[in-house]
2 protein chains.
Amino acid sequence: MDPTMFRMPFADVLARLAAILETLGFTPARANTCAHLFAETTCDGVYTHGVNRFPRFVATIRNGSVDPAAEPVCLSAFGALERWDGRRGPGNLNAQAAMDRAIALARQHGIACIALCNTNHWMRGGTYGWQAADAGLIALCWTNTMPNIPPWGAVTPAIGNNPLILAVPRPNGHLVLDMAMSQFSYGALETHRRRSQPLPVPGGFDSAGQLTRDAAAIEASQRALPIGYWKGSGLSILLDSIAAVLALGNATHQFSTDPLLETALSQTFIAIHPAAVGDPGRHALIADEIVASVHAATPDSPDTTIRYPGEQTLRLRVENTALGLPIDESTWSTIMEMPA
Amino acid sequence: MDPTMFRMPFADVLARLAAILETLGFTPARANTCAHLFAETTCDGVYTHGVNRFPRFVATIRNGSVDPAAEPVCLSAFGALERWDGRRGPGNLNAQAAMDRAIALARQHGIACIALCNTNHWMRGGTYGWQAADAGLIALCWTNTMPNIPPWGAVTPAIGNNPLILAVPRPNGHLVLDMAMSQFSYGALETHRRRSQPLPVPGGFDSAGQLTRDAAAIEASQRALPIGYWKGSGLSILLDSIAAVLALGNATHQFSTDPLLETALSQTFIAIHPAAVGDPGRHALIADEIVASVHAATPDSPDTTIRYPGEQTLRLRVENTALGLPIDESTWSTIMEMPA
């Protein structure tokens, strides 16, 4: 662990974050749920989107981007498809409510979709995949974001990194993929630049238009790569289109590129109830065999561990639950200075 | 156009392919539909999966991988979710029928999903995206495939290139993404090797474990890259898992790596009916604005055209409908030698 980090029990982190949220206009129950989502994300090892993101989240409440009291409402319903307005409420609470609703509807109809407009950054997208898988459902969900990647062939940002989540329940450990459309986030580029480390693979173009592993050169050009070059560029456009069209909401081109002002996003939540048309015992066996086949591939070196998506999360969850959440010292000072 | 190609009217291509299929045990109606799907794919500019793929398709009928008379049957239904058995029928007819059923169910329920087991190669996946978009529906569908890419960190193939299709209807031209999980197909690698052209971006590892643009080196190592490195590897695993689990069907690790023996695949078809919860006029406007925002990005050179997924298809469809389908001379000789 980084020497600027220390460990703190989950319950203590939760209590502090919840107390702060209550002073900001959350009801006690919603403050607790929202704080829990932040602590859980850190516990699962997604440090960029857990407690470390909390000060920025508070800033978006203070500047009015996020309305702490707003709860989502259903605008239109047709069978297993519903369109909801997030009313610019807290993004993680809205997303959790949307996936809850998708799960309930999928149990009735086999599959369901909630299209959510006017919501906010959902923090860790994987959260809603785990949520569905814990309920025994398959899930696909995604969000649009501000324009932060150039489409293929362009030098100016016009597409979002639009995280996409896919989840499959499995008694021996859910498969959960949480994947943004950019090869590296700007946060990851910053980390590599500070450590003077080259990226493990090309992450963008330099200002001369050459592919590069130099994070600083990509920060300067603002030409981060979408995954798979033209392919991720296309996937980003389609995810944005489905999210905005279905929700009658905003699209990437309409968002501020200031993270504190990026608001009123569009999201899509799809849940599928496999047990409605099949036997959970067979589902578990099929998923176990897929995991085993991936693990059986020959690694590229004796030190390489080949993992399925979600495997690392489970490992870190166990470790951080036992030892305490790894907390960044300077972030925690900021949090301790907030009224609670 | 390549000098080894010539152009032929759509109707003539269709008639010849249909006549061959009738001799192979297709009813006249199914022969016509199946032949139409091949001709249409060439017309849309996806030459690898249209008429050029027909001889291989015929070989899989002759060797028993594909049963020309088999039609899909519903095994289990729960509201908007159905599980079907493709009975190893022709993959493109099965996929078209599955998407048709998903569209009909989505019109009743808002969203629907067909899980299809025991089917065959669907040829061009984009076909089923266009099919849904032509009906005014949003679609997501994917197939699993034989293991042809190493998972991230491995040197031996264990994941499929599992094409993923997303489609959004738009009166001014549908958005349709048709994307395999490999950065380049083995067909594309072969083309570059034959022309002694470097790949435009790294496409895999050489036998020494270095990223390379040398197609021959990747063919030798069999270490083609998934899109986005670890990200596409994860996406491939999740798509395979959802397809196999939902359909109670086979997964990637169970398929032969001989293209002629790759059979009994699993596929997922999701259709969403946006008009059920929104106004098609607003949908069109939102999609048009997204397309305009992508087109408005600054190109990396004066010669670069920035395109949305599906744009090139429409352009080629118009051109090939007017001028005739581009046909490979040697493929056509093979086709003319088949009994009809």
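Residues numbered from 1 in each chain as written. Chains lettered and ligands numbered in written order. Predicted model: local features only at pLDDT ≥ 70, side-chain atom pairs only at ≥ 80, totals over all residues.

J.: Just give me the short version of the overall build of chain A, but keep the residues and values in it.
T.: In terms of helices and strands, chain A carries 11 helices and 11 strands. Here the C-alpha atoms of chain A give a radius of gyration of 20 Å, agreeing with the 20 Å that 2.2 N^0.38 yields for 340 residues. Over its C-alpha atoms, taken along the principal directions, chain A stretches across nearly 55 × 50 × 45 Å. Taking all 340 residues of chain A together, the buried fraction comes to 57%. (Helix = DSSP H or I, 4+ residues; strand = E, 2+ residues; numbered from the N terminus. Rg over C-alpha atoms; globule rule 2.2 N^0.38 Å. Buried ≥ 20, exposed ≤ 12 C-beta atoms within 10 Å, placed from the backbone.)

J.: Could you give me a rundown of the interface of chain B and chain A, with the residues and numbers involved?
T.: Taken together, the contacts link 73 residues of chain B with 74 residues of chain A. Mapped onto the side of chain B that touches chain A, the elements with two or more residues apiece are strand E2 (73–78), strand E3 (81–85), helix H4 (91–109), strand E4 (111–119), strand E6 (164–168), strand E7 (175–179), helix H8 (230–247) and helix H9 (280–295) of chain B. With 12 residues, the single largest contributor to the side of chain B that touches chain A is H8(B). Among the residues making up the side of chain B that touches chain A, the classes are represented as 46 nonpolar, 20 polar and seven charged. (Contact = placed C-beta atoms within 7 Å. Nonpolar A, V, L, I, M, F, W, Y, C, P; charged D, E, K, R; others polar.)

J.: A description of the sheet that holds strand E5 (residues 138–143) of chain B should follow, citing residues and the corresponding values.
T.: Residues and elements named next belong to chain B. Taken together, seven strands build an open sheet; the order of strands is E2-E3-E4-E10-E5-E6-E7 and the sheet is mixed. What marks the edges here is a single partner per strand, and that holds for E2 and E7. Strand-to-strand, the axes of this sheet are offset by a mean angle of 10°, without reference to chain direction. Of the pairings in the sheet, the one linking E2 to E3 comprises five bridges and is antiparallel in character. (Pairing = 2+ DSSP bridges. Axes fitted to C-alpha atoms, helices over the stretch in contact; angles between N-to-C directions.)

J.: Could you give an account of the nonpolar core, with specific residues and numbers?
T.: Judged by nonpolar contacts, the single largest core of 199 residues is most densely connected at A:Ala102, A:Ala139, A:Ala271, B:Ala102, B:Ala139 and B:Ala271. Excluding its chain neighbours within four sequence positions, the residues that come into contact with A:Ala102 are A:Ala112, A:Cys113, A:Ile114, A:Phe269, A:Ile270 and A:Ala271. (Core = buried A, V, L, I, M, F, W, Y, C linked by C-beta atoms within 7 Å.)

J.: Which residues make up the domain arrangement of chain A, and what values do they have?
T.: All names here are of chain A. The domain architecture assigned to chain A consists of domain 1 (1–62 + 310–340) and domain 2 (74–182 + 226–296). Placing the centre of domain 1 and that of domain 2 at their C-alpha centroids yields a distance of 23 Å. Between domain 1 and domain 2, the residue contacts involve 15 residues of the former and 14 residues of the latter. Within the residue set of the side of domain 1 that touches domain 2, elements represented by two or more residues are helix H2 (28–43), helix H3 (54–62) and helix H10 (311–323). The element contributing the most residues to the side of domain 1 that touches domain 2 is H2, with five residues. (Domains from an automatic or database assignment.)

J.: I'd like a description of helix H5 (residues 126–134) of chain A, backed by residues and values.
T.: Residue and element names in this part refer to chain A. Across the nine residues of H5, eight count as buried, placing the element largely inside the fold. Of all the positions in H5, only Gly126, Thr127, Tyr128, Gly129, Trp130, Gln131, Ala132 and Ala133 are classed as buried. In this structure, the buried side of H5 is in contact with H2, helix H4 (91–109), strand E5 (138–143), strand E6 (164–168), strand E7 (175–179) and strand E10 (265–272). Remark: Gly136 follows H5 within two positions and exhibits a positive phi of approximately 90°.

J.: Please provide a residue-by-residue account of the pairing of E5(A), values included.
T.: Looking along a regular strand, one sees side chains alternate from face to face of the sheet. Residues and elements named next belong to chain A. Of all six residues in E5, six are buried, a share of seventy percent or more. Sheet topology places E5 next to E10; six bridges connect them, and they run antiparallel. Within the sheet, the bridge partner assigned to Ile138 lies in E10 and is Ile272. With four bridges connecting them, E5 and E6 associate as antiparallel partners. The residue bridging Trp142 from the neighbouring strand is Leu164, located in E6.

J.: Mind laying out the sheet that holds E7(A), listing which residues take part and the relevant values?
T.: Residue and element names in this part refer to chain A. Within the open sheet, the seven strands sit side by side as E2-E3-E4-E10-E5-E6-E7. Their pairing is mixed. Both outer strands of the open sheet, strand E2 (73–78) and E7, are each paired with one neighbouring strand and no more. Between one strand and the next, the sheet's axes are offset by a mean angle of 10°, whatever the strand orientation. The sheet contact formed by strand E3 (residues 81–85) and strand E4 (residues 111–119) spans five bridges and is parallel. Within the sheet, the bridge partner assigned to Arg83 lies in E4 and is Ala115.

J.: If you had to explain the environment of B:Thr33 to someone new, which residues and values would you point to?
T.: One can find B:Thr33 in helix H2 (residues 28–43). Taking C-alpha positions, B:Thr33 is 28 Å from B:Leu248, a pair spaced 215 residues apart along the chain.

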